[in-house]
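Residues per chain are reported as follows:
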Amino acid sequence: MAAESSFDVVSQFDRQELVNAIDQTMREVNARYDLKGTGSQVRLEKDAIELASASEFTLGAVRELLIQRAARRNLSPKIFDFLKVEQAARGTIRQTARLRQGIDQDLARQISKLIRDRVPKVRPQVQGDAVRVSGKNKDDLQAAIKLLREQEYPTPLQFVNYR
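Nothing here was measured: the structure is a model prediction, and the numbers come from that model.

How each quantity is defined
Residues numbered from 1 in each chain as written. Predicted model: local features only at pLDDT ≥ 70, side-chain atom pairs only at ≥ 80, totals over all residues. Heavy atoms only, no water. Helix = DSSP H or I, 4+ residues; strand = E, 2+ residues; numbered from the N terminus. Rg over C-alpha atoms; globule rule 2.2 N^0.38 Å. Buried < 20%, exposed > 50% of the residue type's maximum accessible area, 1.4 Å probe, protein only. Contact = heavy atoms within 4.5 Å. Areas by Shrake-Rupley, 256 points an atom, 1.4 Å probe, with all protein chains shown as cover. Phe/Tyr/Trp six-rings, centres within 6.5 Å; stacked < 30°, edge-to-face > 60°. Core = buried A, V, L, I, M, F, W, Y, C linked by side-chain atoms within 4.5 Å.

Some details on the overall build of the chain
If you tally the helices and strands in the chain, you get 4 helices and 9 strands. For 163 residues, the compact-globule formula gives about 15 Å, and the C-alpha radius of gyration of the chain, at 20 Å, lies well above that figure. Its C-alpha atoms put the chain at 70 × 25 × 25 Å along the principal axes. The buried share among the 163 residues of the chain stands at 43%. Partitioning the contacts of the chain with sequence separation of at least 6, the portion at a separation of at least 24 is 61%. Carbon and sulfur atoms make up 46% of the accessible area of the chain, which totals about 9600 Å².

Digging into the packing of aromatic side chains
Per the stated rule, a full pass over the model turns up 3 aromatic pairs. With a centroid separation of 6.4 Å and 40° between ring planes, the pair formed by Phe7 and Tyr162 is classed as tilted. Placement of Phe7 in strand S1 (residues 5-10) and of Tyr162 in the segment after strand S9 (158-160) is noted, with a sequence separation of 155 residues between them. When its relative accessible area of 0% is taken as the criterion, Phe7 is described as buried. Geometrically, the ring pair formed by Phe80 and Phe82 is tilted, given 5.8 Å between the ring centres and 35° between the ring planes. On the accessibility criterion, Phe82 (25% relative accessible area) is partly exposed. An aromatic cluster is built from Phe7, Phe159 and Tyr162, whose rings are joined through pairwise contacts.

A look at the nonpolar core
With 23 residues, the main nonpolar core has Leu18, Val42, Ile49, Leu51 and Phe80 as its most contacted residues. Listed by contribution, the elements that provide at least two residues to this core are helix H1 (15-31), strand S3 (48-53), helix H2 (56-72) and strand S6 (93-99). Ranked by size, the runner-up nonpolar core spans 20 residues in total, among them Val9, Val133, Tyr153 and Phe159.

What follows is the structure, encoded as structure tokens:
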């Protein structure tokens, strides 16, 4: 009898890479002529990033810089959920970006249903903030991974524990 193979669909990121991307962003903000002296800051909190700057224009530049630095460190721009720009103290502008990590239950059910409909030989199971997909044939598991990569989801998906 063939052994059961499986993989997990998760949404996670390397926090240290995010810290490095923020450090690089701050280094460039302090060095760039157009951003020097604007009081721009990028602060990492537990599950969010706070951007602060003197104007909306410089805030947009810092935001784009952060996204570029994160992409260079293999972090998907989808991990950032930018909220509304708001006024802060002393005429500055502030924006918070929540960090997306984990697959919520609705998305997990959607992924599970899509796999069940299109690849009938594998069995998806929702396990907390991950989806485990198992089956006897590794080719069917590869087909499920390919199917999920073709879809567009609001959170980045990774495929781990493939065995």
